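One letter stands for each residue in the lines below.
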Amino acid sequence: MNLLKPKINWEEDYSSKILIGAIVVVFIVFGLRLWFLQILKGDFFAKKSLDNRTRLTKIYAPRGLIFDRNGRLLAYNEPAYDLAIVREDCRQHSCKFYLRFASNILKINLETIVKKFKKRVKRVKPFEPLVLVSNLSFRDLARLEARISEWPGFRIIVRPRRHYKFSKPFSHVLGYVGIVDEKELSEDPELDSGDYIGKGGIEKVLEKRLRGKKGIKKLEVNALGRVFKEEIVKPPIPGIDLSLSLDLDLQRYIYNILEEKAGAVVVMRPETGQVLALVSSPGYDSNKFVLGISSKDWESLVKNPLHPLRNKVIQGLYPPGSVFKLVVAAFLLEKVPQFFDQEKIFCPGYLKLGRRIFRCWKRVGHGWVDLRRALVESCDVYFYSRGEDIDIDLLHDFALECGFGKTTGIALPFEKSGLIPSRAWKLKRFKEPWQGGENLNVAIGQGYVLVTPLQVARFISGLVNNGISYTPSLFLNEKRLTPQILPINKRNREKILSAMIETVESEQGTARCLKIKGVVLGAKTGTAQVVKLKDDKKKNKDVPYKYRDHAWMASFGIIKGKKYVVVCLMEHGGHGASGSGPIVKSIYEYLLRKSSE
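The numbers attached to residues start from 1 for each chain and follow its sequence in the written order. Local features in this predicted model are restricted to residues of pLDDT 70 or higher, and side-chain atom pairs are both shown and tallied only at a pLDDT of 80 or more, whereas totals for entire chains, interfaces and linings draw on every residue. Here the side-chain values reflect all heavy atoms present in the structure, with hydrogen atoms and water set aside.

The chain has the name Penicillin-binding protein 2 in an unreviewed UniProt entry, where Desulfonauticus submarinus is given as its organism.

And the structure:
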């Protein structure tokens, strides 16, 4: 009998073995995992661990400085402070508590801060600073500094802020910088949310040259996200400085004598194309855009009838009036074989074409006039008569060769090309054929003809500079840019220049108001009609401002061997001689004084 032999429980023994096997498998899995993490992937996770306590942040590069031709500072940088939030470091509180705190301490509407946060959050990584408030005042900065240790998710960012020393006189040349928008961010991978870039003028055109390259700084943070160590990994590269061809004193002088009236003045050296002054009046305060212009200030600029935001030198499109007679005269001399400049035409004060009467500015007429006298005394009837036989398409092509109807290529944004009409243009624009009477309007610079003051200045420069006009340049050391050869031979240029000098020297010349002893001056006046008035005998002061004529004066001068071109356009200034003449004469007197110093 086997009564004393123990009875074996095979089910329990099998279960024990399974349990032991499972434990062994678990330990093997853990061991393999530890080997994978510590041996095979040790370096990777060590770097990841280091990354969790280090941050890379960008260092703003100082923007390039801008100087005038004599080395005087026009645009520079000063330190500015922004409040930013790093979302990954907002561990003690959620981001909404940070936004509420910023709203309370800075006295800014919470909705405004939230809106800015939501707008930028998609473009900024959680560990990168997201700018909430730019250009903190010193008072707000002090408030934040006193409490910021309690809020480790906040960062005070120091960056260079643009400042314009002589804002209004240079506003249309320098332009301004402003916060980058969504479109600009998508077009340029170097930009980050909250960056400032050029929005107008030279600041816009040469943005990448002025901007420089950002640097990189490594930050080490503790478990609470507070920075305890900083190291510059890559220093920023400053933007390139610029020296302009503009003269600070001349620019300010011209802006002041314009007295905030609507107008444009350009002063050029014809031999080089360098621009000494480019003034559009009235100007605006560029610094307001840098700080963030208020709705009230913006509305004031936009609704101002004098259009301070428009650069009138390159964007203002005006009928050239009698200034265009210089182009028509050159066309007659060059392109009309049967034309004889000494042939005289009688001016009784008007010309009748069909049922229409085209009047001369001088109601009693000029009598018998040839081309020279027609330019000197600006006889309309002479050019009406010549205009009857002009082929408008040939004149269109000739004017384009003279630089009209296309941009000059100056380094400024949004330049307008103007308009020189042709048969094809009118048919396309109005679905109507060209009428013969329209030639008469074009011949005196009216009708559809539109030009900019800079186009006129470039043309006059070409006449003075042996038929070669250069692209206007705003930079001191820039080589002469693309020359344009005027389609006018030497003999005919001399005829036109001689007539311009007589226009100043003669007692009957329309620009005799410019005469300065010891200075050779030549000019052409222009009175450009804005609208045809029923009562055209009214004096300019009695006509509503917006209907008054524009006043032109296109001129050149030789002062102590140096040649200058000065063009002035005064919007609704009336007659060229009275509206723009005193301004141009004052500029030449200034240049004469400076040449004697």
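K.L.:
Is there a simple way to explain the packing of aromatic side chains in this structure?
P.N.:
Aromatic ring pairs are defined here through the distance separating the ring centres and the angle between the ring planes. Each pair of aromatic rings taken from Phe, Tyr and Trp, with Trp reduced to its six-membered ring, is defined by centres within 6.5 Å and is described as stacked if the planes are under 30 degrees apart, edge-to-face if over 60, and tilted in the remaining cases. Under the criterion given, the structure shown has 22 aromatic pairs. Ring geometry for Tyr318 against Trp552: centres 6.4 Å apart, planes inclined by 85°, an arrangement best described as edge-to-face. With a gap of 234 residues between them, Tyr318 in the loop between helix 12 (295-303) and helix 13 (325-335) and Trp552 in strand 20 (residues 550-559) connect regions that are remote in the sequence. By the burial criterion, Tyr318 is buried, and Trp552 matches it. Both rings, one in Phe324 and one in Phe404, keep their centres 6.1 Å apart while their planes meet at 75°; by these two values the pair is edge-to-face. Separated by 80 residues along the polypeptide, Phe324 in the loop between helix 12 and helix 13 and Phe404 in the loop between helix 16 (392-401) and helix 17 (423-430) bring together distant segments of the chain. The helix and strand labels rest on DSSP assignments: H or I over at least four residues marks a helix, E over at least two residues marks a strand, and numbering proceeds from the N terminus. Type-normalised accessible area, obtained with a 1.4 Å probe on protein chains alone, sets the label of each residue: buried when under 20%, exposed when over 50%, and partly exposed for intermediate values.

K.L.:
It is not clear to me how the sheet that holds strand 19 (residues 520-528) should be interpreted in this structure. Could you clarify?
P.N.:
Picture the strands of a sheet paired through backbone hydrogen bonds; they go either parallel or antiparallel. Strand pairing is assigned whenever DSSP identifies at least 2 bridges connecting the two strands. On the basis of which strands lie adjacent, the open sheet formed by 5 strands has the order 12-11-21-20-19 and antiparallel pairing. A strand with exactly one partner marks an edge of an open sheet, and here the two such strands are strand 12 (274-281) and strand 19. Sheet twist, expressed as the mean angle between neighbouring strand axes with direction ignored, is 10°. Contacts were defined at the residue level, with two residues in contact if any of their heavy atoms lie within 4.5 Å. Inter-axis angles, ranging from 0 to 180 degrees, are taken between N-to-C directions of lines fitted to C-alpha atoms, where helices are fitted over the stretch in contact. On top of the sheet, helix 22 (residues 581-596) reaches strand 11 (263-269), strand 19, strand 20 and strand 21 (562-570); it is set at about 20° to strand 20, its chief contact.

K.L.:
I keep staring at the nonpolar core and nothing clicks. Help me out?
P.N.:
In a soluble, globular protein the nonpolar side chains are often hidden away together inside. Of all hydrophobic cores here, the largest spans 96 residues; its most connected members are Phe383, Phe459 and Ile460. The element contributing the most residues to this core is helix 13, with 8 residues. The start and end points of each domain follow an automatic or database-based domain assignment. Looking at which domains feed residues into this core, each of domain 1 (56-243) and domain 2 (248-284 + 308-595) supplies at least three. With residues up to four places along the chain from it excluded, the contact list for Phe459 reads Leu326, Val327, Cys402, Phe404, Leu486 and Ile488. Buried residues of nine kinds, namely Ala, Val, Leu, Ile, Met, Phe, Trp, Tyr and Cys, make up a nonpolar core once their side-chain atoms join them within 4.5 Å. By size, the runner-up hydrophobic cluster in this structure holds 29 residues, among which are Ile254, Val267, Val504 and Ile583.

K.L.:
I'm lost on empty space enclosed by the protein in this one. Help?
P.N.:
Regions of empty space are outlined by a rolling probe, equal in size to a water molecule, passed over the atoms. Cavities and pockets were defined on a 1 Å grid built over protein atoms only: a cavity is a set of grid points that admits a 1.4 Å probe from which the probe cannot escape, a pocket is an open set flanked by protein on both sides within 12 Å along at least five of seven lines, and lining residues are those with an atom within 4 Å of any such point. Grid points are joined across faces, edges and corners, and a volume is the space filled by probe spheres set on the points. Across all of its chains, the model carries 2 cavities of 30 Å³ or more by this definition. As a volume, the largest cavity reaches approximately 50 Å³. Arg55, Leu56, Thr57, Val86, Phe127, Pro129, Arg155 and Leu219 together form the lining of the largest cavity. When residues of the lining of the largest cavity are assigned to their parent elements, the largest contribution, 3 residues, is made by strand 1 (residues 54-59). When grouped by side-chain class, the residues that make up the lining of the largest cavity number 5 nonpolar, 1 polar and 2 charged. A volume near 40 Å³ is recorded for the second largest cavity. Every residue along the wall of the second largest cavity is listed here: Pro320, Val323, Phe324, Val327, Phe404, Val451, Val456, Phe459 and Ile460. A breakdown of the residues in the lining of the second largest cavity according to their chemical character gives 9 nonpolar, no polar and no charged. Ten residues, namely Ala, Val, Leu, Ile, Met, Phe, Trp, Tyr, Cys and Pro, are considered nonpolar, four, namely Asp, Glu, Lys and Arg, are considered charged, and the remaining ones, Gly among them, are considered polar.

K.L.:
Could you clarify how one ought to interpret the packing of helix 13 against helix 15 (residues 380-387) in this entry?
P.N.:
Packed helix pairs are specified by the crossing angle of their axes together with the interaxial distance, meaning the distance between the axes. Packing of helix 13 against helix 15 brings their axes to within 11 Å, and their N-to-C directions diverge by 45°. Considered as vectors, helix 13 and helix 15 are oriented oblique to each other. In terms of crossing hand, the pair formed by helix 13 and helix 15 is left-handed. Residue-level contacts link Lys325, Val328, Ala329 and Leu332 of helix 13 to Asp380, Phe383 and Arg386 of helix 15. Looking at the contact of helix 13 with helix 15 residue by residue, the classes come out as 4 nonpolar, no polar and 3 charged. Each angle is binned into one of four classes, with values under 35 degrees roughly parallel, values over 145 roughly antiparallel, values of 65 to 115 roughly perpendicular, and all other values oblique. It is the rotation of the near helix from the far one that decides the hand of a crossing: anticlockwise by less than a right angle makes it left-handed, clockwise makes it right-handed.

K.L.:
What should I look at first to understand helix 19 (residues 453-464) in this one?
P.N.:
Since the α-helix advances by 3.6 residues per turn, residues separated by three or four positions end up pointing in the same direction. Taking 1.5 Å as the rise per residue, helix 19 with 12 residues should run 16 Å; its terminal C-alpha atoms sit 17 Å apart, in good agreement. Inspection of helix 19 places Pro453, Leu454, Gln455, Val456, Ala457, Arg458, Phe459, Ile460, Ser461, Gly462, Leu463 and Val464 among the buried residues, and these make up the whole buried set. A positive backbone phi angle near 55° is found at Asn466, which sits one or two residues after helix 19. In this scheme, a helix's expected span is set at 1.5 Å multiplied by one less than its residue total.

K.L.:
Could you clarify how one ought to interpret the layout of surface pockets in this entry?
P.N.:
A volume near 980 Å³ is recorded for the second largest pocket. Along the wall of the second largest pocket there are 38 residues; nearest its centre are Thr57, Lys58, Pro129, Arg155 and Ile157. Mapped by element, the contributors of at least two residues to the lining of the second largest pocket are strand 1, strand 5 (154-164), strand 8 (215-221) and strand 9 (227-234). Element by element, the count of residues in the lining of the second largest pocket is highest for strand 5, at 7 residues. Per-class residue counts for the lining of the second largest pocket are 20 nonpolar, 4 polar and 14 charged.

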